[in-house]
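Survey of secondary and tertiary structure
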Amino acid sequence: MKLLVAAALAIPLLAAEKPKLPAELQGIGIDQKLNAQVPLETEFVDQDGRKVTLGSYFGQGPVLLALVYFQCPMLCNQILSGVVAGLKPLSLQPGRDFNIVAISFDPRDTPATARQKRDEYVRRYSSKATTRGWNFLTGSPESIRAVTEAAGFHYRWDDNTQMFIHLSGIMIVTPEGKMARYFYGVEYEPKDLKLGLIEASHNKIGSVVDSVLLFCFHYDPSIGKYGATVMNLLRAAAVLTLLILGTGLTILWRKNLLEDRRSLQP
């Protein structure tokens, strides 16, 4: 079992790169389906026992999507902990700038287990945080399959361990329900989360500085991270240098002009 977990943590199984895997991990993976539409009409039950459609969490802003199961004893807890750790330093806030939607792919999970997990991770995020924007959903096998297939998330139940075998990662989805970004592993850089959310929002959240960062950093789907774009960085540095020089020259020109006027006064 330790071998399976280690493999799940270490191998992001990209569609473009298929390493030879142990038999236990064959067919398990996360395929990036960028721009694929998630089924917004799919019905689930939220942590409060209410029937909801997936689309009720979309429309206003981007969605951070986590496909986990709430009774998982290992990997899913690390995924959700990684989400909390990555979001803590950000000025962007759940419920205001984006929604978090965690969907259990175990049809045996209940609203009670969903609520327990939701409350636990909200507390970890901040003792002052409300539950607004944190949504933990359960559903039927059909509803679960519709979302996991749309997201390219492949997993399997293992009778020997009595656990689901799956890889670790989260997704960012646009307000329209289009798959936008995939981040692998159990630790998510705050920079990657912030840039992914801002980009998925069509730049409707964040600041001017964040827009500059989006210009300088490029999402690399092969590794699921943002990396510096050298030419854009050089251009941004050149523009910044010109602005600084221009500002300095303007100040000096105004200062000299003022001194000349004073010298001409009787």
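A brief look at the structure comes next. (Residues numbered from 1 in each chain as written. Predicted model: local features only at pLDDT ≥ 70, side-chain atom pairs only at ≥ 80, totals over all residues. Heavy atoms only, no water.)

**Some points on the sheet that holds strand β11 (residues 179–184)**
Overall, mixed pairing links the 5 strands, which are arranged β6-β5-β4-β10-β11 in an open sheet. Of all the strands in the sheet, just β6 (134–137) and β11 have a single pairing partner and so form its edges. In this sheet, neighbouring strand axes are inclined to one another by 20 degrees on average, regardless of whether the strands run parallel or antiparallel. (Pairing = 2+ DSSP bridges. Helix = DSSP H or I, 4+ residues; strand = E, 2+ residues; numbered from the N terminus. Axes fitted to C-alpha atoms, helices over the stretch in contact; angles between N-to-C directions.)

**Structural notes on the side chain of Lys-117**
Examined against the element boundaries, Lys-117 turns out to sit in helix α3 (residues 111–125). The exposure class assigned to Lys-117 is buried, which follows from its relative accessible area of 12%. Contacts of Lys-117, omitting those with residues within four sequence positions, involve Phe-70, Asn-77 and Phe-136. (Buried < 20%, exposed > 50% of the residue type's maximum accessible area, 1.4 Å probe, protein only. Contact = heavy atoms within 4.5 Å.)

**Structural notes on the packing of aromatic side chains**
Counted by the stated rule, this structure contains 13 aromatic pairs. These aromatic residues form a ring-pair network of at least three members: Tyr-69, Phe-105, Phe-153, Tyr-155, Trp-157 and Phe-164. (Phe/Tyr/Trp six-rings, centres within 6.5 Å; stacked < 30°, edge-to-face > 60°.)

**Structural notes on the layout of surface pockets**
Of the voids in this model, the largest pocket is the one considered here, and its volume is about 180 Å³. Every residue lining the largest pocket is listed: Leu-90, Ser-91, Gln-93, Pro-94, Gly-95, Arg-96, Tyr-125, Ser-126, Ala-129, Thr-130, Arg-132 and Trp-134. Taken together, the residues of the lining of the largest pocket sort by class into 5 nonpolar, 5 polar and 2 charged. (1 Å grid on protein atoms, 1.4 Å probe; cavity = no way out; pocket = protein on both sides within 12 Å on 5 of 7 lines; lining within 4 Å. Points joined across faces, edges and corners; volume = space filled by probe spheres on them. Nonpolar A, V, L, I, M, F, W, Y, C, P; charged D, E, K, R; others polar.)

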